[in-house]
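Report on the structure
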Amino acid sequence: TRIFRVAIDGPAASGKSTTAKLLAEKLGFGYIDSGAMYRAITFKCLRMGISPADPKNATEIGKLAAATTITFPNMTSVILDKKEDISSEIRSSTITSNIGGVAANKKVREALAEMQRGLARGDYPETFEGRKGVTHHGKSIMGMVMDGRDIGTVILPDAELKVFLIADSQIRAQRRYDEMVKRNKLESGETVEKIKAELEQRDHEDRTREVSPLKQASDAVELDTSYLTIQQQVDAIEKLILDRM
Ligand code: C5P
């Protein structure tokens, strides 16, 4: 069966994963968090004592990524090498601050790209387990939502729908701060201003790296979420999907 692919890209903390997850839930689609895959490789490197920032480690990290399996058995779990649930570990600020060297590694991106395309094709059935898809005007489709930085440009350039989420960086920082408070992940000394600086730094790195930089695809629909509620974001994208069915 045809899988309707929704690519959601945008800068850090623009609401991609929250929106993508709720959208996938509402429509009975699969959901893939591609950022979690870069986080998983970073996690594996750090645990093995390999520094992602050291260019001398690039070849080794590329090989490590090619030999890694990352799967998503449901909306919230990230499983490393078919056995270890690292969903919570990969959200730490240590991972976030070390991810740049992994995300800029060409071999890592090639390995993850292959995995991501396979996931979108349905090569890993657990991604779609229990997903029923959506019926609209008598037509039924199965779909998958993938969020990241290069999904619409590089990973799925022929996605049925591409959305580029943007939001004011002050608002993104405040949202990230609130989320950390809610999840009890706020580290001491953390402020909205610091988070804002970190987000802007990461966006700058993501936009200016040589391989697969963060960029809006020419055929993506831009959605500014600065003054939208999550529900409004989800509804807006749902409408774009139903219009294209
Ligand atoms: O989306 P998330 O904040 O978890 O992504 C973490 C980092 O992973 C991004 O800042 C970016 O460097 C990298 N990433 C990427 N390409 C993707 C998804 C994430 O380079 N498709």
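The text that follows walks through the structure, step by step, so that each part is easy to find.

Thresholds applied
Residues numbered from 1 in each chain as written. Predicted model: local features only at pLDDT ≥ 70, side-chain atom pairs only at ≥ 80, totals over all residues. Heavy atoms only, no water. Helix = DSSP H or I, 4+ residues; strand = E, 2+ residues; numbered from the N terminus. Rg over C-alpha atoms; globule rule 2.2 N^0.38 Å. Contact = heavy atoms within 4.5 Å. Areas by Shrake-Rupley, 256 points an atom, 1.4 Å probe, with all protein chains shown as cover. Lys, Arg positive; Asp, Glu negative; His and termini not counted. Charge placed at Lys NZ, Arg CZ, Asp CG, Glu CD. Expected span 1.5 Å × (residues − 1). Buried < 20%, exposed > 50% of the residue type's maximum accessible area, 1.4 Å probe, protein only. Polar contact = N/O pair within 3.5 Å; in protein donor to acceptor, adjacent residues only side chain to side chain. Axes fitted to C-alpha atoms, helices over the stretch in contact; angles between N-to-C directions. Parallel < 35°, antiparallel > 145°, perpendicular 65-115°, else oblique. Left-handed = near helix turned anticlockwise from the far one by under 90°. Pairing = 2+ DSSP bridges. Nonpolar A, V, L, I, M, F, W, Y, C, P; charged D, E, K, R; others polar. Patch = residues over 30% accessible without salt bridge, like charges linked within 9 Å, V, L, I, M, F, W, Y side chains within 5 Å. Salt bridge = Lys/Arg side-chain N within 4 Å of Asp/Glu carboxyl O. Near = heavy atom within 4 Å.

All right, on to the overall build of the chain then. Scanning the chain from terminus to terminus reveals 9 helices and 9 strands. Relative to a compact globule of 245 residues, whose C-alpha radius of gyration would be 18 Å, the chain shows 17 Å and is just as compact. In terms of its C-alpha atoms, the chain occupies a principal-axis envelope of roughly 55 × 40 × 35 Å. Sequence-distant contacts in the chain: of pairs separated by 6 or more residues, those separated by 24 or more amount to 76%. Taken as a whole, the chain presents about 11,800 Å² of accessible surface, with 50% of it coming from carbon and sulfur. Here the chain carries 37 positive and 36 negative side-chain charges, and the mean point of each set is 2 Å from the other.

Our focus in this paragraph is helix α5 (residues 106–121). When the terminal C-alpha atoms of α5 are compared, their 23 Å separation across 16 residues agrees well with the 22 Å that a helix rising 1.5 Å per residue should span. Within α5, burial applies to Val108, Arg109, Ala111, Leu112, Ala113, Met115, Gln116, Gly118, Leu119 and Ala120. The residue sitting at the N-terminus of α5 and contributing the capping side-chain oxygen is asparagine 105; that oxygen lies 3.0 Å from the backbone nitrogen of lysine 107. A positive backbone phi angle near 95° is found at glycine 122, which sits one or two residues after α5.

With that settled, the discussion passes to the packing of helix α2 (residues 34–47) against helix α3 (residues 58–66). Interaxial distance between α2 and α3 falls to 10 Å at its minimum, and their mutual angle equals 120°. The pairing of α2 with α3 is recorded here as oblique in orientation. The chirality of how α2 crosses α3 is right-handed. Residues Ile41, Lys44 and Cys45 of α2 form the contact with α3, whose own contacting residues are Ile61, Leu64 and Ala65.

Another point: the pairing of strand β1 (residues 3–9). The buried fraction of β1 amounts to 7 of the 7 residues, a majority that puts the element mostly inside the structure. Where burial is concerned, the two faces of β1 agree: the one with Ile3, Arg5, Ala7 and Asp9 and the one with Phe4, Val6 and Ile8 are both buried. Relative to strand β7 (residues 139–148), β1 runs parallel, the two being bridged by 7 bridges. Paired with alanine 7 across the strands is methionine 146, a residue of β7. Where β1 meets strand β8 (residues 161–166), 4 bridges bridge the pair, whose relative direction is parallel. The partner of isoleucine 8 across the bridge, within β8, is valine 163.

Here we come to the environment of glutamate 110. Relative to the assigned elements, glutamate 110 resides in helix α5. Note: C-alpha distance between glutamate 110 and glycine 133 (23 residues apart in sequence) is 29 Å.

Turning our attention to the packing of helix α7 (residues 169–182) against helix α8 (residues 192–208). Their axes nearest at 8 Å, the elements α7 and α8 cross at an angle of 115°. Between α7 and α8 lies a crossing whose hand is right-handed. Touching Ser169, Gln170, Arg172, Ala173, Gln174, Arg176, Tyr177 and Met180 of α7 are Val192, Glu193, Ile195, Lys196, Leu199, Glu200, Arg202 and Asp203, all from α8. Here the contact of α7 with α8 is built from residues that sort into 6 nonpolar, 3 polar and 7 charged.

Together, Asp168, Glu193, Glu200, Glu222 and Asp224 make up a region of like negative charge exposed at the surface. Of all the elements in the fold, those that place two or more residues in the negative patch are α8 and β9 (221–224). Looking at the element boundaries, aspartate 224 is found in strand β9.

Right, let's get into the site of the ligand. Close contacts around the ligand come from 13 residues, with Arg39, Arg109, Asp150, Arg202 and Asp206 the closest. One of the side-chain nitrogen or oxygen atoms of arginine 39 is found 2.7 Å away from an oxygen atom of the ligand. For the ligand, an oxygen atom lies 2.8 Å from a polar atom in the side chain of arginine 202. Against a free-state accessible area of 460 Å², the protein chains account for coverage of 95% of the ligand. Contributions of two or more residues to the shell around the ligand are made by α2, α4 (93–103) and α8.

Right, let's talk about the side chain of serine 14 for a bit. Turning to its location among the elements, serine 14 is positioned in the loop between β1 and α1 (16–27). Take serine 14: its relative accessible area is 0%, and that puts it in the buried class. Leaving out residues up to four positions away in the same chain, serine 14 has contacts with Leu165, Ile166, Arg172, Arg175 and Thr225.

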